[in-house]
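Fold and geometry: a report
Given next are the chains, with one letter for each unit.
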Amino acid sequence: MFNKFRKQNWIVIFILSVLLLTSIALTINFALKISDNLEKTLVENENRVLEIYSDYLKHYFQDINDNIYFLSNLESLKIYSDSNLKNINSEADLNYFITEFLKFNNKYQKISILDLNGQEKITVSDRKNSELQDFEPEKKIFNDNLLNNIFSLNKNETFTQLVNLKINNNKSGEYSFLPVLIVVKPIYNSTDHKTGVFLFEMNLQTMIRNLHENIIIQFDDKNILTQNKEGIFKVEKSDYNFKGLNGILDISDSLKIHYCKIEYFPDKMLTVGIIHSHTMLNKIIKSLFLSLYSIISILIIAFILYIFIIFKRFKNILDSNKAIISSLAKLAEFRDEITGRHLDKTSEYTKILALELRKNKKFKKILTLEFIEDLSIAVRLHDIGKVGIKDSILLKNGPLTEDEYNQMKEHVHIGEDIINGIIKETNINLLFFSIGKNVIKYHHEKYDGSGYPFKIKGNEIPIEARIFALADAYDAIRSKRPYKEPLDHNIAIERIKADASKHFDPDIIEAFLKCADKFLKVSNS
């Protein structure tokens with residue numbers, strides 16, 4: 001019975017556990033979906049921003065390409081190139097034309113034509129911007145390596161390099177930096193001989209003013225244009241390795257770069273990227289999961305408290321039921337004036353014997369642990385029917401007459417009626433009551449059919465009654481009664497063995513002999 005109660009509580013706890021875990025899983029899944037959707041939304045927004053800036057840069061550099069193409073195909077430049085950069089009239093025309101060109105194109109801070117010795121033949125600077133007045137000498141830009149790259153260009157090649165120019169601030173004596181992109185195109189004469197180079201110094205401030213603060217631009221020479229905390233752009237060496245035409249580069253656990261590559265000059269690529277930390281997203285996710293963990297913690301604590309209360313109540317009910325059953329069973333024992341621990345001992349003997357018999361494959365299926373637990377408690381009710389026997393018969397000090405003995409036999413039917421009454425009143429028909437009723441009805445039956453009240457034999461007698469019959473007999477032999485003294489353990493064994501296939505089931509006797517030492521320990525306790 002009590003195992004069944006335990007099982008029912010465990011079923012309830014299991015269902016609640018499943019519901020709790022399902023709720024937690026659904027909550028976590030919901031939180032993860034929110035997190036994924038937020039991140040997906042941010043990524044989509046960044047991709048749209050990246051697409052806008054990529055288009056902006058494509059148009060920006062397309063305009064530069066068009067300008068360079070236009071200047072490289074001026075008629076005066078062809079004449080100047082054919083004269084090996086010596087025609088003074090063509091030089092004057094070019095100087096004038098480039099000056100006028102710079103007035104309407106603020107992307108360029110300086111345009112020069114150099115001969116093959118690196119000497120500037122024509123140099124026109126943008127003087128509208130006062131910041132450009134105090135540049136350090138351009139020789140800082142043109143080192144030997146740069147010059148070698150410039151003059152080794154083929155006809156259709158373009159050389160580019162991103163550099164910092166230092167601006168001297170006369171008022172404060174401090175320096176600031178200006179990002180400049182150097183673009184070089186070779187100049188060829190009409191006979192396809194190189195005569196010099198066109199050099200464009202492009203002030204990238206006109207480009208980066210329209211860029212978001214998290215935008216980076218990395219050129220193919222591994223120089224990268226970044227913006228510091230003060231919003232000032234600066235050229236730095238980059239160790240970012242952007243693979244493919246687009247993607248996401250992880251910088252750290254919290255920083256990533258969404259990027260794509262565009263062709264800004266023929267056969268030259270630059271990477272435009274957005275650095276993002278998703279700080280707000282991380283805060284939202286952190287708050288979300290903190291709230292989630294708090295809810296889960298509260299649920300788990302509440303669940304543990306619920307289990308504690310359930311088991312405490314169950315233990316109280318279990319203890320109360322045991323006490324009620326024991327008290328009810330002892331009513332008959334008190335009237336019968338049987339002393340000692342008869343109920344306790346027969347209960348322990350029954351449990352020991354049933355556990356040993358369970359090892360026999362023939363009985364393992366029926367003798368479950370729940371069955372044995374219920375049996376060990378139910379056997380306490382075996383003589384409950386004696387409450388209905390007259391004191392003159394029950395307490396008689398001497399042998400009973402045949403009529404009195406027949407009346408005494410009625411205690412099994414009285415006990416059965418008591419159990420049936422309990423089942424009817426409570427509308428509860430548990431395995432415990434079924435086991436108890438069988439023990440009450442059949443514990444005086446004998447294996448050979450000579451018992452009472454039904455004179456059934458062998459396996460017709462329920463297994464619980466057959467087990468208890470041996471346990472009851474052993475206790476009767478070993479206990480002191482008004483009409484006898486207690487007998488030795490070995491005598492009890494011999495008497496039980498002698499009744500094999502008569503009073504007792506041989507299989508049960510075999511099991512008893514294997515656990516007889518345990519019977520002795522209980523008997524002596």
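Please read these numbers as outputs of a predicted model, since none were measured by experiment. (Residues numbered from 1 in each chain as written. Predicted model: local features only at pLDDT ≥ 70, side-chain atom pairs only at ≥ 80, totals over all residues. Heavy atoms only, no water.)

The next thing to look at is the overall build of the protein. Helices and strands together make up the secondary structure of the protein, namely 16 helices and eleven strands. Buried positions account for 43% of the 525 residues belonging to the protein. By sequence separation, contacts in the protein at least 24 residues apart represent 61% of the contacts at least 6 residues apart. Accessible area of the protein: about 28900 Å², with a carbon and sulfur share of 54%. (Helix = DSSP H or I, 4+ residues; strand = E, 2+ residues; numbered from the N terminus. Buried < 20%, exposed > 50% of the residue type's maximum accessible area, 1.4 Å probe, protein only. Contact = heavy atoms within 4.5 Å. Areas by Shrake-Rupley, 256 points an atom, 1.4 Å probe, with all protein chains shown as cover.)

Here the focus is the pattern of salt bridges. For the structure shown, the criterion picks out 13 salt bridges. The closest approach of N and O atoms between K351 and E373, which form a salt bridge, is 3.3 Å. Taken together, the residues span a long stretch of sequence, with K351 in helix α7 (residues 342-357) and E373 in helix α8 (residues 369-378) at a distance of 22 residues. With a relative accessible area of 16%, E373 lands in the buried category. Between K386 and D383 there is a salt bridge, and its shortest N-O distance comes to 3.3 Å. Using a relative accessible area of 11% as the deciding quantity, one classes K386 as buried. (Salt bridge = Lys/Arg side-chain N within 4 Å of Asp/Glu carboxyl O.)

When the terminal C-alpha atoms of α7 are compared, their 22 Å separation across 16 residues agrees well with the 22 Å that a helix rising 1.5 Å per residue should span. Within α7, twelve of the 16 residues are buried, which leaves it mostly tucked inside the rest of the structure. (Expected span 1.5 Å × (residues − 1).)

Moving on to a nonpolar patch on the surface. Nonpolar side chains collect at one region of the surface, where I11, F14, I15, V18 and L19 lie side by side and expose about 480 Å² of accessible area between them. Structurally, V18 is set in helix α1 (residues 2-72). (Patch = residues over 30% accessible without salt bridge, like charges linked within 9 Å, V, L, I, M, F, W, Y side chains within 5 Å.)

Within the structure shown, the criterion is met by 19 aromatic pairs. Relative to F265, the ring of Y264 has its centre 5.2 Å away and its plane inclined at 55°; by these criteria the two rings are tilted. No difference in accessibility class separates Y264 from F265, as the two residues are buried. Residues Y474 and F519 carry aromatic rings whose centres are separated by 5.1 Å and whose planes lie at 90° to one another, so their mutual orientation is edge-to-face. (Phe/Tyr/Trp six-rings, centres within 6.5 Å; stacked < 30°, edge-to-face > 60°.)

Here we take up the packing of helix α14 (residues 489-498) against helix α15 (residues 506-514). Any two packed helices are characterised by the angle at which their axes cross and by the distance between the axes. Axis separation between α14 and α15 bottoms out at 10 Å; the angle between their running directions is 160°. Classed by the angle they form, the pair α14 and α15 counts as roughly antiparallel. The interaxial crossing formed by α14 with α15 has left-handed handedness. Only I509, F512 and L513 of α15 make contact with α14, whose side of the interface consists of I493, I496 and K497. For the contact of α14 with α15, the class distribution of residues is five nonpolar, no polar and one charged. (Axes fitted to C-alpha atoms, helices over the stretch in contact; angles between N-to-C directions. Parallel < 35°, antiparallel > 145°, perpendicular 65-115°, else oblique. Left-handed = near helix turned anticlockwise from the far one by under 90°. Nonpolar A, V, L, I, M, F, W, Y, C, P; charged D, E, K, R; others polar.)

Before going further, it helps to spend a moment on the confidence of the model for the protein. Residues at a pLDDT of 70 or more form 80% of the protein, whose mean pLDDT is 81. At the low end of the mean pLDDT range in the protein sits helix α6 (residues 279-335), at 67; at the high end sits α15, at 95. Long-range and interchain partners of residues 127-140, a stretch whose pLDDT sits below 50, account for 23 contacts in this model, where long-range means more than four residues apart. (pLDDT = per-residue confidence, 0-100.)

On the basis of which strands lie adjacent, the open sheet formed by six strands has the order β8-β7-β6-β11-β10-β9 and antiparallel pairing. Lying at the two open borders of the sheet, with one neighbouring strand each, are β8 (233-237) and β9 (246-250). Neighbour to neighbour, the strand axes of the sheet diverge by 30° on average, direction disregarded. Bridge count for strand β10 (residues 256-265) against strand β11 (residues 268-276) is nine bridges, and the pairing is antiparallel. Within the sheet, the bridge partner assigned to K261 lies in β11 and is T271. (Pairing = 2+ DSSP bridges.)

Take T195: it is sitting in strand β5 (residues 194-203). Assessed through its relative accessible area of 5%, T195 is described here as buried. Residues in contact with T195, not counting those within four places in the same chain, are S81, N84, L85, D115, L116, I187 and N189.

Counting buried positions over the ten residues of β10 gives seven, a clear majority of the element. One ladder, built from five bridges, connects β9 with β10; its direction is antiparallel. Residue G247 lies in a different strand from β10, and its bridge partner there is Y259. Connecting the antiparallel pair β9 and β10 is a turn made up of five residues.

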